[in-house]
Amino acid sequence: MAVLTPARKVVVLGSTGSIGVSTLDLFEQSGVAVEILALTAGRNVEKLAEQALRWRPKVAVIDDESRLDELRQRLAGSGVQAAAGAAAVVEAATMGADWVMSAIVGAAGLAPTLAAARTGAVIALANKESLVCAGPALLRTARASGGKVIPVDSEHSAIFQVLQDDCLEQVSRLILTASGGPFRTWDKTAMAQATPEQAVAHPNWSMGAKISVDSATMMNKGLEMIEASYLFDTPQERIDVVIHPQSVIHSLVEYADGSTLAQLGPPDMRSPISCAFSWPQRLSWPAKRLDLAAYGQLTFEAPDHDRFPTIEIAREALRLGGGAPAAMNAANEVAVAAFLDRRIGFLDIARAVTGTLERMNGLGNLAENDGDALESAMMTDASARRIAAEVVGHKRYSH
Ligand code: NAD
Ligand code: MG
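Residues numbered from 1 in each chain as written. Chains lettered and ligands numbered in written order. Predicted model: local features only at pLDDT ≥ 70, side-chain atom pairs only at ≥ 80, totals over all residues. Heavy atoms only, no water.

**Topic: the pattern of salt bridges**
- A complete count under the given rule lists 27 salt bridges for this structure.
- Among the salt bridges present, the one from Arg 173 reaches Asp 240, with a minimum N-O distance of 2.6 Å. Pair noted here: Arg 173 is in strand β8 (residues 171-178) and Asp 240 is in strand β9 (residues 239-243), with a separation of 67 residues, a long-range link.
- What makes Asp 240 partly exposed here is its relative accessible area of 26%. (Salt bridge = Lys/Arg side-chain N within 4 Å of Asp/Glu carboxyl O. Helix = DSSP H or I, 4+ residues; strand = E, 2+ residues; numbered from the N terminus. Buried < 20%, exposed > 50% of the residue type's maximum accessible area, 1.4 Å probe, protein only.)

The following block contains the structure:
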């Protein structure tokens, strides 16, 4: 079943991260025929070189130029070309792949993802921040080039799988599930003292540090609400969030007649990755099967917006429109990095994001900039980062 021939030409952006590694592992486990044109990483030369020696792409690209020599040494004699820098990452994205896994973390993924979208490739989109920064432009670009964006985020993959063609106007609600993260049951006093180690220890998923902290603050769900709004052309008033600690139901679609469809599976990102790889076919690989009797029960709760204000912050950013989602995302990236560096406390992350958005709104910095979408998103991103760094540095939070 599902032998996809001929070999698909593939690029994996962010191959050394959690999603990148799962992608290569899925190729391995399924034995699917792929020709890897490029693998790219931020700074992890050792892992990139190890992957390149195993998968033999045409080129391996490291974003951090100071590590190019080391990459060259590690790849010497292998026939794999070594390259470095942000422009080389963008170039890798445009090598003519049929399928591009976009799995860089943060707004750094926007330029290469947008470049890949211009080539008409299928983009398997894990990098939710690029949609948050420039969703409408990214989707427009992919459509105009004859390409496609298939979500990899498990919630959006669930909705994508459950939504029937041309039925959007019959959908009354999208319901995103959220695990609730490691602090689901903690009170605010304990959350104020939470350490980076505690925040990255996610109960169900093993992920990169940034998205793990986002899951702990629930900003991940805020970003996903914006992602869903753009991907499925649905206003935020019709996107709800429900806490589901077992992460078995990955999201739901409610139709106008009150019927609700869900997608289920064990929490394993290789499942949405395989869906994005082979859609509309199904890839056969030794996936763990869902044993509902072993779970016994699935539980649900309403989110607590007092302890987790980030979903409401994201709704407000989407309501504000213009550059607000990009600014929110940038401020969150700065605040999460400061928390991981132990410069601010856990509850300060959401405060810093609100403080940044308030200051930018006051300065009139949130309006849509004229010009090209990438440039406009990057300008907003840069000014939000500057202001967020000040807010974090001086601990000038909003309340
Ligand atoms: P990660 O931190 O494990 O990996 C990130 C990858 O991006 C690495 O290969 C890293 O080297 C590379 N990178 C980092 N900064 C870069 C830069 N400036 N330029 C070029 N490359 C850079 O992150 P992850 O958990 O794999 O997440 C990747 C993306 O997928 C994120 O946007 C995340 O929100 C999304 N996502 C992840 C999961 C998950 O289960 N891990 C689930 C859903 C969505
Ligand atoms: Mg998700």
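**Notes on the site of ligand 1**
- Close to ligand 1 lie 22 residues, the nearest being Thr 16, Ser 18, Gly 42, Glu 129 and Gly 208.
- Separating an oxygen atom of ligand 1 from a backbone N or O atom of Gly 14 is a distance of 3.3 Å.
- Within the side chain of Thr 16, an N or O atom sits 2.7 Å from an oxygen atom of ligand 1.
- When ligand 1 sits alone it has 830 Å² of accessible area, and the protein chains cover 86% of it.
- Tallied by class, the residues present in the shell around ligand 1 amount to ten nonpolar, eight polar and four charged.
- When residues of the shell around ligand 1 are assigned to domains, at least three fall in each of domain 1 (8-151) and domain 2 (157-266 + 292-394). (Near = heavy atom within 4 Å. Polar contact = N/O pair within 3.5 Å; in protein donor to acceptor, adjacent residues only side chain to side chain. Areas by Shrake-Rupley, 256 points an atom, 1.4 Å probe, with all protein chains shown as cover. Nonpolar A, V, L, I, M, F, W, Y, C, P; charged D, E, K, R; others polar. Domains from an automatic or database assignment.)

**Describing the domain arrangement of the chain**
- Partitioning the chain into domains gives domain 1 (8-151) and domain 2 (157-266 + 292-394).
- Relative placement of domain 1 and domain 2: their C-alpha centres are 24 Å apart.
- Contacts between the two partners involve 20 residues from domain 1 and, on the opposite side, 25 residues from domain 2.
- Roughly 1,800 Å² of surface becomes buried between domain 1 and domain 2 when both sides are summed, with 74% attributable to carbon and sulfur atoms.
- Among the residues domain 1 hides against domain 2, the three largest losses belong to Lys 128, Val 132 and Pro 151. Together they make up 35% of the total.
- The interface formed by domain 1 and domain 2 holds two salt bridges in total.
- Here Lys 128 and Glu 224 are joined by a salt bridge, their closest N and O atoms 2.9 Å apart.
- Summed over the shared surface of domain 1 and domain 2, the result is five residue pairs in polar contact (both at pLDDT 80 or more).
- Within the residue set of the side of domain 1 that touches domain 2, elements represented by two or more residues are α5 (110-118), α6 (128-144) and β7 (148-151).
- Among the elements that make up the side of domain 1 that touches domain 2, the one with the highest residue count is α6 (ten residues).
- Of the residues that constitute the side of domain 1 that touches domain 2, the class distribution is 15 nonpolar, three polar and two charged. (Contact = heavy atoms within 4.5 Å. Buried area = accessible area lost by both parts, 1.4 Å probe.)

**Description of the sheet that holds strand β10 (residues 249-255)**
- With mixed pairing, four strands are arranged side by side in an open sheet as β9-β8-β10-β11. Each end of this open sheet is capped by a strand with a single partner; those strands are β9 and β11 (260-264). If you compare each strand with its neighbour and ignore which way they point, the axes differ by 20° on average.
- Where β10 and β11 come together, five bridges link them in antiparallel fashion. By the bridge assignment for β11, Glu 254 is matched with Thr 260.
- Sitting on the sheet, helix α11 (residues 219-231) is in contact with β8 and β9, with an inclination near 150° to β8. (Pairing = 2+ DSSP bridges. Axes fitted to C-alpha atoms, helices over the stretch in contact; angles between N-to-C directions.)

**Quick notes on helix α16 (residues 348-362)**
- With 15 residues, α16 ought to run about 21 Å at 1.5 Å a step, and its terminal C-alpha atoms sit 21 Å apart, in line with that.
- For α16, the set of buried residues is Asp 348, Ile 349, Ala 350, Ala 352, Val 353, Thr 354, Gly 355, Thr 356, Leu 357 and Met 360.
- Each element contacted by the buried residues of α16 is listed here: α10 (209-217), α11, α14 (310-320), α15 (324-340) and α17 (373-393).
- Just past α16, the residue Gly 364 takes up positive phi, approximately 70°. (Expected span 1.5 Å × (residues − 1).)

**Observations concerning the coordination of the magnesium ion (ligand 2)**
- Only Asp 153 (OD), Glu 155 (OE) and Glu 224 (OE) from the protein coordinate the magnesium ion (ligand 2), and they sit 2.1 to 2.2 Å from it.
- Every donor residue of the magnesium ion (ligand 2) comes from the same chain, spaced as D-x1-E-x68-E. Taken together, the residues span a long stretch of sequence, with Glu 155 in helix α7 (residues 154-162) and Glu 224 in helix α11 at a distance of 69 residues. Take Glu 155 and Glu 224: they sit in the same class, and that class is buried. (Donors = N, O, S within 2.8 Å, 3.2 Å for Na, K, Ca; no water.)

**Here's the deal with the packing of α14 against α15**
- Their axes nearest at 7 Å, the elements α14 and α15 cross at an angle of 145°. Where α14 approaches α15, its residues Ile 313, Ala 314, Ala 317, Leu 318 and Leu 320 are matched on the opposing element by Ala 324, Pro 325 and Met 328.
- For the contact of α14 with α15, a count of residues per class yields eight nonpolar, no polar and no charged.

**Concerning α7**
- In terms of burial, α7 is largely enclosed, as nine of its nine residues are buried.
- When α7 is considered as a whole, its buried residues turn out to be Ser 154, Glu 155, His 156, Ser 157, Ala 158, Ile 159, Phe 160, Gln 161 and Val 162.
- Tucked into the core, α7 has its buried residues touching β7, β8, α11, β10, β11 and α12 (270-278).

**A closer look at the sheet that holds strand β2 (residues 34-41)**
- Spatial strand order, β4-β3-β2-β1-β5-β6-β7: seven strands in an open sheet with parallel pairing. Of all the strands in the sheet, just β4 (81-84) and β7 have a single pairing partner and so form its edges. When strand polarity is set aside, the average angle formed by the axes of neighbouring strands in this sheet is 20°.
- The sheet contact formed by strand β3 (residues 59-62) and β4 spans four bridges and is parallel. Of the residues in β4, the one forming a bridge with Ile 62 is Ala 84.
- Packed onto the sheet, α12 meets β1 (8-13), β2, β5 (99-102), β6 (122-125) and β7 and runs at close to 150° relative to β5.

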